[in-house]
Amino acid sequence: MIEVKNLVKSFDGKTVLHGINATFYDGKTNLIIGQSGSGKTVLMKSIVGLLHPEEGEILFDGRDIMKMNGSKMKQIRKELGMLFQGSALFDSETVLGNVMFPLKMFSSMTFAEMKDRAEFCIERVNLKGADDKYPAELSGGMQKRVAIARAIALNPKYLFCDEPNSGLDPKTSILIDELLSDITKEYDITTIINTHDMNSVLGIGENIVFVNKGYNEWVGNKDEIFDSDNENLNNFIFATNLFQHVKDYMREKHKPNA
Amino acid sequence: MILKSSLQSFGQYCIFMWKVFSLPDKWKEFFKRYINEISKLGIDSIPLVIIISLFIGAVCCIQMKLNVQSPLIPRYSIGLATREVILLEFTSSILCLILAGKVGSNIASEIGTMRVTEQIDALDIMGINSANFLVLPKVVAMVTFIPFLVIISMCTSLYGGYLVTVFTNIVSSSTYIYGIQTKFVEWYVWYGLIKSLFFAFVISSVASYFGYYVKGGALQVGKASTNSVVMSSILILMLDVILTKVMLQ
């Protein structure tokens, strides 16, 4: 479980996160949602330690990373896996090389064991046969899956995904969402996903944190989200025509005389 | 304002170097990357070094002939002066200025691209010291391989001058060879080699620094690459003055 308490982060005197409080649970797909520029990525980068907030606490199963020294932080980092928006695969390595990379750096496995583990992860994300391909030879969806395979290679306790569906078609997005959800359940990991994709929200949003202009305005799950009376959340959800139609349809359906 | 930003950049460069010069997480990976960098930055530069050195050696020889017209000056001084120019200045300073363009831009754009595509963030998230992992093999590879490039350049440049004497009649080949052997000062070779070590460090570390701290996209990577070449060139020339003063006087 990851707890964020009263997190404040500023850039050049401009406050981006205003005392965020949130809890992210084990074995659940935890979503951080909000408009572009709302502070989602800053929040995620602060949680993983890429940014250093001015105030607050970030507790990884009770361990406050903001009070940790370099070596303790390094230990925590070995328990993290992260899927970046642009996949962030190493261009000079093949798919197998990318997935084996964390194993080479942090495990004491033999080469054969590392290869077996990497091949297992590649198979788990349905990319069997792509071992020798380079990232440039893969589609966006395949790159995302390789990045997921790399992120889970070391059996992380915490998995972070920054906009995993950006640039993907709806069908591939659903595949990625399902994969992330399955992996979360399978390995009982704390998965945190940054997204503004409503399909993801309604598909896998077991614990949703809505961030607006640096404030945490709503917490709930996919079943509760349509019942929210938060105006900003409703504006966010019904921003697209599709969801506006859904809203109108639901209203029509629930009319007293319908 | 400029002074403040320069001091800030220098401070950031020092912190960066502190991160670079820490012990590698895995020595095996370090040596693998080191060999790879020697191949990419060093061995791949050999053709360029040979071509440039041949022509510069030839040009030096021709220009020495043009400047040594007096009947009072012996003909072998063409070879002698060509050798001195090559050993003292060309094969270390000028060669490193050229390498700052080729190798420096390569390093800055490679690391800069890794930064903007979040590959460096990915390394940091894994708990890897990205500066050490990416930059140390490059710096060590450049510093350890540059003496070979300088020696290749010295030999090729002198050979370039020799070819001029073979194909033209500015001076006989035997006189040229006599000239390059006359009053040979071994220290000049060491001087060139020692200078090149400093220059290699500047080229690799400055280019890495500019690449590592890129913010933005492809345009900024290009700018960082250009800035790294400009800054390396200036630093090489400044260091050249200091090292010449220290080592030759």
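Just so it is clear, the model here is predicted, and its values are computed rather than measured.

*Asks:* I tried to follow the overall build of chain A on my own but got confused; where do I start?
*Replies:* Check the secondary structure of chain A and you find nine helices and ten strands. For chain A, the C-alpha radius of gyration of 19 Å lies close to 18 Å, the compact-globule estimate for 258 residues.

*Asks:* Honestly, the overall build of chain B in this entry has me stumped. Any pointers?
*Replies:* Of regular secondary structure, chain B possesses nine helices and zero strands. Helices (α) and strands (β) of chain B occur, in sequence order from the N terminus, as α-α-α-α-α-α-α-α-α. If one aligns the C-alpha atoms of chain B with their principal axes, the spans along those axes are about 70 × 45 × 35 Å. Counting the 249 residues in chain B, one finds 44% classified as buried.

*Asks:* In this structure, what is going on with the nonpolar core? I would like to understand it.
*Replies:* Among soluble globular proteins, nonpolar side chains are generally buried collectively. Within the largest apolar cluster, 128 residues are counted, with the highest numbers of intra-cluster contacts made by A:Met82, A:Val99, A:Ala118, A:Ala149, A:Phe160 and B:Ile203. For this core, the element with the highest residue contribution is helix 4 (residues 77-116) of chain B, accounting for 16 residues. Once residues lying within four places of it in the same chain are set aside, the contact partners of A:Phe160 are A:Met44, A:Val48, A:Leu80, A:Met82 and A:Ile192.

*Asks:* What am I meant to see in the interface of chain A and chain B here?
*Replies:* Often the size quoted for an interface is simply the accessible area lost on bringing the parts together. Across the contact, 14 residues belong to chain A and 13 residues belong to chain B. Elements that contribute at least two residues to the side of chain A that touches chain B include exactly helix 2 (70-77), strand 6 (80-83) and helix 3 (95-106) of chain A. Here the element with the most residues in the side of chain A that touches chain B is helix 3 of chain A; it accounts for three residues.

*Asks:* Whenever I open this one, the packing of helix 3 of chain A against helix 4 (residues 111-124) of chain A confuses me. Can you help?
*Replies:* A pair of packed helices is characterised by two quantities: the angle between their axes and the separation of those axes. Residue and element names in this part refer to chain A. Where helix 3 contacts helix 4, the two axes come as close as 9 Å, and the packing angle between them is 125 degrees. By the angle between their axes, helix 3 is oblique relative to helix 4. Considering how the two elements wind past one another, helix 3 and helix 4 form a crossing that is right-handed. Across from Val95, Leu96, Val99, Met100, Leu103 and Lys104 in helix 3, the residues of helix 4 making contact are Met114, Lys115, Arg117, Ala118, Cys121 and Ile122. Looking at the contact of helix 3 with helix 4, its residues break down into nine nonpolar, no polar and three charged.

*Asks:* Help me out: how do you make sense of the sheet that holds strand 4 (residues 55-60) of chain A in this one?
*Replies:* Hydrogen bonds between backbone atoms are what pair the strands of a sheet, whose relative direction is either parallel or antiparallel. Residues and elements named next belong to chain A. Ordered in space as 2-1-4-5, the four strands form an open sheet in which the pairing is antiparallel. The sheet terminates laterally at strand 2 (14-24) and strand 5 (63-64), the two strands that pair on one side only. Judged from the five bridges that link them, strand 1 (residues 2-11) and strand 4 form a sheet pairing that is antiparallel. What sits directly across from Glu3, in strand 4, is Leu59. On top of the sheet, helix 1 (residues 40-48) reaches strand 1, strand 2 and strand 4; it is set at about 115 degrees to strand 1, its chief contact.

*Asks:* Where do I start with unusual backbone geometry in this structure?
*Replies:* Excluding glycine, most residues fall at negative phi; most peptide bonds, likewise, are trans. Residue and element names in this part refer to chain A. If you check the backbone angles, Asp12 has positive phi at about 50 degrees while not being a glycine. Following the sequence through the fold, Asp12 ends up in the loop between strand 1 and strand 2. With phi around 50 degrees, Lys213 is a residue other than glycine that occupies positive phi space. Relative to the helices and strands, Lys213 resides in the loop between strand 9 (207-212) and strand 10 (215-220). A tally of 15 C-beta atoms within 10 Å means that Lys213 is categorised as partly exposed.

*Asks:* Please explain helix 3 (residues 46-67) of chain B as it appears in this structure.
*Replies:* Turn by turn, an α-helix covers 3.6 residues, leaving residues three or four places apart pointing in a common direction. Residue and element names in this part refer to chain B. Between its terminal C-alpha atoms helix 3 stretches 31 Å, which fits the 32 Å expected from 22 residues at 1.5 Å a residue. If you check which residues of helix 3 are buried, you get Val49, Ser53, Ile56, Gly57, Ala58, Cys60, Cys61, Met64 and Lys65. Looking at the buried residues of helix 3, the elements they touch are helix 4 and helix 6 (130-167).

*Asks:* Would you explain the sheet that holds strand 10 of chain A in this entry?
*Replies:* Residues and elements named next belong to chain A. Pairing in this open sheet of six strands is mixed, and the strands run 6-7-8-3-9-10 from one edge to the other. With one partner strand each, in any of the chains shown, strand 6 and strand 10 form the two edges of the open sheet. Shown here is a sheet whose adjacent strand axes are inclined to one another by a mean of 20 degrees, direction ignored. In the sheet, strand 7 (residues 158-162) pairs with strand 8 (residues 190-195) via five bridges, with the strands oriented parallel. Residue pairing across strands places Leu159 opposite Thr191, the latter belonging to strand 8. Against the sheet, helix 5 (residues 140-152) touches strand 6 and strand 7, its axis set at about 175 degrees to strand 6.

*Asks:* What is the right way to look at the packing of helix 3 of chain A against helix 5 of chain A in this model?
*Replies:* Residue and element names in this part refer to chain A. Remark: helix 3 packs on helix 5, axes separated minimally by 7 Å, with the N-to-C direction vectors making an angle of 25 degrees. Between helix 3 and helix 5, the crossing angle belongs to the class labelled roughly parallel. Taken as a pair, helix 3 and helix 5 cross one another with a handedness that is right-handed. From helix 3, Val95, Asn98, Val99, Phe101 and Pro102 reach across to helix 5, where they touch Val146, Ala149 and Arg150. Looking at side-chain class alone, the contact of helix 3 with helix 5 contains six nonpolar, one polar and one charged residues.

*Asks:* What exactly am I supposed to notice about the pairing of strand 8 of chain A here?
*Replies:* In the case of a regular strand, side chains alternate between the two sheet surfaces. Residues and elements named next belong to chain A. Burial analysis of strand 8 places six of its six residues in the buried class, which makes it a mostly covered element. Residues Thr190, Ile192 and Asn194 of strand 8 are buried on one face, and the alternating residues Thr191, Ile193 and Thr195, pointing to the opposite face, are buried as well. Pairing analysis gives five bridges linking strand 3 (residues 29-33) to strand 8, with the strands arranged parallel. Each bridged residue has a counterpart across the sheet, and for Ile33 the counterpart in strand 8 is Thr195. In this region the chain leaves strand 7, passes through helix 6 (residues 170-187) and returns to the parallel neighbour strand 8; the handedness of that crossover is right-handed.

*Asks:* Teacher, can you tell me more about the pairing of strand 4 of chain A here?
*Replies:* Residue and element names in this part refer to chain A. Bridge count between strand 4 and strand 5: two bridges; the pairing is antiparallel. Paired with Leu59 across the strands is Asp64, a residue of strand 5. Linking two consecutive strands that pair antiparallel, namely strand 4 and strand 5, is a turn of two residues; a positive phi of about 50 degrees is found at Asp61 within it.

Thresholds, definitions, all that
- Residues numbered from 1 in each chain as written.
- Chains lettered and ligands numbered in written order.
- Predicted model: local features only at pLDDT ≥ 70, side-chain atom pairs only at ≥ 80, totals over all residues.
- Helix = DSSP H or I, 4+ residues; strand = E, 2+ residues; numbered from the N terminus.
- Rg over C-alpha atoms; globule rule 2.2 N^0.38 Å.
- Buried ≥ 20, exposed ≤ 12 C-beta atoms within 10 Å, placed from the backbone.
- Core = buried A, V, L, I, M, F, W, Y, C linked by C-beta atoms within 7 Å.
- Contact = placed C-beta atoms within 7 Å.
- Axes fitted to C-alpha atoms, helices over the stretch in contact; angles between N-to-C directions.
- Parallel < 35°, antiparallel > 145°, perpendicular 65-115°, else oblique.
- Left-handed = near helix turned anticlockwise from the far one by under 90°.
- Nonpolar A, V, L, I, M, F, W, Y, C, P; charged D, E, K, R; others polar.
- Pairing = 2+ DSSP bridges.
- Expected span 1.5 Å × (residues − 1).
- Right-handed = clockwise from strand over helix to strand, strands pointing away.

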